[in-house]
Amino acid sequence: VCRAQLPGAGCFQCSVTGLGFEASSAATIRYHYGSWNDHLDASAREEWLVAGPLFSIKAQPGAVRAVRLPHFVCLAEVDVSECRIAHFKAGSMTLEKPTKLAAFYAVLENPSFSLLGVVWRRLRSTLISLPMHSLVLIFQQLSAANTTLHLYLIPDDNSVKQAIEKQEMDWNSKLIPKPSPLSPLFFGCTYQVSSTSHVEITPEPHLPFCYKSPKEQQLFVEIYIRNMAEEIWLLMTDVRNDTLVWKVSLRSGRIGASTDTRAWCPLGAAFVKKHKTELCFRIGRISPILLHLQDANVINSDEEDEVLSQRTRHKKNKALLQLVERKGCEAQEQLYRILRQMDKFLVSDLEKSS
């Protein structure tokens with residue numbers, strides 16, 4: 001159970017869970033993850049799709065003006081009117097329309113607390129109707145022979161990510177830094193893992209993309225590299241159309257006397273660095289990009305004002321790129337993902353020019 005002691009009025013966000021609160025006064029809030037499997041019954045699952053973690057929250061009445069519940073649905077080309085916040089109380093579920101829907105969270109004003117989480121109405125019987133933000137998690141088993149990796153493909157849900165990390169730590173594994181997939185993925189689709197070098201992938205090189213409760217065993221593939229070369233590329237493609245959705249470079253390194261695979265090349269960071277000059281001239285409307293970056297906690301409002309204070313579009317774009325460059329690879333990766341959502345033709349044109 002997490003305990004937040006908010007000092008007074010203001011906006012606060014948990015760095016571990018992504019859960020946020022807009023407090024009207026000092027407050028003590030207790031919260032922890034709940035289980036969708038324990039509360040969302042089979043009939044409800046036929047109509048509603050889990051779209052974020054479920055939280056059990058307790059707070060003094062009236063102390064919280066609004067709660068920000070994280071979700072992993074990509075809002076590009078999605079009917080946002082189908083989003084609801086599921087509220088479980090006394091064994092029954094009620095559905096509330098969010099006050100506001102941002103890129104990575106839904107806001108509910110004047111909430112009454114118990115169990116809350118974001119769901120999305122299924123528009124068709126098939127699952128592959130909503131684009132989802134996703135994560136690729138890679139762990140190296142430190143006690144295994146040569147280089148043995150576990151690769152997971154999951155929705156961008158911290159509750160699932162933390163459950164996997166805990167299990168892998170019990171298996172004496174080390175988390176390796178990784179980029180996110182290049183574009184939103186779809187539940188119900190299968191993605192194939194491959195490599196430019198000879199590796200053994202078991203039990204098979206295919207991963208279905210789906211939501212599984214943090215309490216369930218998550219799906220993964222094991223990648224065995226007998227002889228770690230100077231550089232190995234891992235790739236992931238959508239089996240429906242053979243489209244590349246993820247690509248990463250894995251290089252050998254040294255920790256003590258053992259080989260470690262800690263040096264990775266995030267594609268988004270490489271893209272921003274390589275095309276910085278073109279982006280300065282070709283990025284169009286910058287305000288929506290800044291809004292998405294602020295929603296993702298990459299920049300704050302002062303930094304947004306700093307960028308917007310520049311006199312010309314070129315200078316605004318240059319200030320933005322310098323800002324995310326200072327913040328490192330993760331910030332550049334977020335900018336890349338946002339650009340892919342908001343101006344996919346620009347990104348595509350620059351990638352083709354490479």
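Residues numbered from 1 in each chain as written. Predicted model: local features only at pLDDT ≥ 70, side-chain atom pairs only at ≥ 80, totals over all residues. Heavy atoms only, no water.

(A) Expanded view of the packing of helix H7 (residues 301-308) against helix H8 (residues 313-327). Contact geometry for H7 and H8: axes closest at 8 Å, N-to-C directions at 145°. Between H7 and H8, the residues in contact are Glu 303, Glu 306, Val 307 and Leu 308 and Lys 316, Ala 319, Leu 320, Leu 323, Arg 326 and Lys 327, respectively. When grouped by side-chain class, the residues that make up the contact of H7 with H8 number five nonpolar, no polar and five charged. (Axes fitted to C-alpha atoms, helices over the stretch in contact; angles between N-to-C directions. Helix = DSSP H or I, 4+ residues; strand = E, 2+ residues; numbered from the N terminus. Contact = heavy atoms within 4.5 Å. Nonpolar A, V, L, I, M, F, W, Y, C, P; charged D, E, K, R; others polar.)

(B) The arrangement of the environment of Tyr 336 in detail. Assignment of secondary structure puts Tyr 336 in helix H9 (residues 329-342). Residue classification places Tyr 336 among the buried positions, given a relative accessible area of 0%. It is 6.9 Å that separates the C-alpha atoms of Tyr 336 and Val 272, two residues lying 64 residues apart in sequence. (Buried < 20%, exposed > 50% of the residue type's maximum accessible area, 1.4 Å probe, protein only.)

(C) A look at the packing of aromatic side chains. With the rule as written, the count across this model stands at 12 aromatic pairs. For the pair Phe 21 and Tyr 31, a centre-to-centre distance of 5.9 Å together with 55° between the ring planes defines the contact as tilted. In this pair, Phe 21 is assigned in strand S3 (residues 20-23) and Tyr 31 in strand S4 (residues 27-33), connecting sequence segments 10 residues apart. Taking relative accessible area as the criterion, Phe 21 reaches 3% and is therefore assigned buried. (Phe/Tyr/Trp six-rings, centres within 6.5 Å; stacked < 30°, edge-to-face > 60°.)

(D) Representation of the side chain of His 71 in the model. As for its position among the elements, His 71 is in the loop between strand S6 (64-70) and strand S7 (83-89). One polar contact links the side chain of His 71 to the main-chain carbonyl oxygen of Ala 103, over a distance of 3.4 Å. For His 71, the contacting residues outside a window of four places in its chain are Ala 51, Gly 52, Leu 101, Ala 102, Ala 103, Phe 104, Tyr 105, Ala 106 and Val 118. (Polar contact = N/O pair within 3.5 Å; in protein donor to acceptor, adjacent residues only side chain to side chain.)

(E) Spotlight on the confidence of the model for the protein chain. Averaged over the protein chain, the pLDDT score is 86; the fraction of residues at 70 or greater is 92%. With pLDDT under 50 throughout, residues 254-266 is counted as low confidence; its partners more than four residues away or in other chains account for 43 contacts. (pLDDT = per-residue confidence, 0-100.)

(F) View of the pairing of strand S2 (residues 10-13). Here four bridges tie S2 to S3, and the two strands are oriented antiparallel to one another. By the bridge assignment for S3, Gly 10 is matched with Ala 23. Between the end of S2 and the start of S3, which pair antiparallel, lie six residues, with Gly 18 showing a positive phi angle near 85°. (Pairing = 2+ DSSP bridges.)

(G) Seen up close, unusual backbone geometry. Here Thr 202 and Pro 203 are connected by a cis peptide whose omega angle stands at 0°. With respect to the helices, strands and loops of the structure, Pro 203 is situated in the loop between strand S18 (200-202) and strand S19 (206-208). Positive phi values are uncommon outside glycine, yet Asn 110 reaches one of about 50°. The topology assignment puts Asn 110 in the loop between strand S10 (105-109) and strand S11 (115-121).

(H) How the structure looks around helix H3 (residues 158-170). Compared with the 18 Å implied by 1.5 Å per residue over 13 residues, the 18 Å span of H3 between its first and last C-alpha is a close match. Within H3 the residues assigned to the buried category are Ser 159, Val 160, Lys 161, Ile 164, Glu 165 and Glu 168. Phi turns positive, to about 60°, at Asn 172, one or two residues after H3. (Expected span 1.5 Å × (residues − 1).)

(I) How the structure looks around the domain arrangement of the protein chain. One can read the domain layout of the protein chain as domain 1 (2-121), domain 2 (131-254) and domain 3 (267-353). With centres defined by C-alpha atoms, the gap from domain 2 to domain 3 works out at 27 Å. The partner domain 3 presents seven residues to the eight residues of domain 2 that form the contact. The largest contributions to the domain 2 side of the interface with domain 3 come from His 133, Ser 180 and Leu 182, which together make up 58% of the buried area. Inspection of the region where domain 2 meets domain 3 yields two residue pairs in polar contact (both at pLDDT 80 or more). (Domains from an automatic or database assignment. Buried area = accessible area lost by both parts, 1.4 Å probe.)

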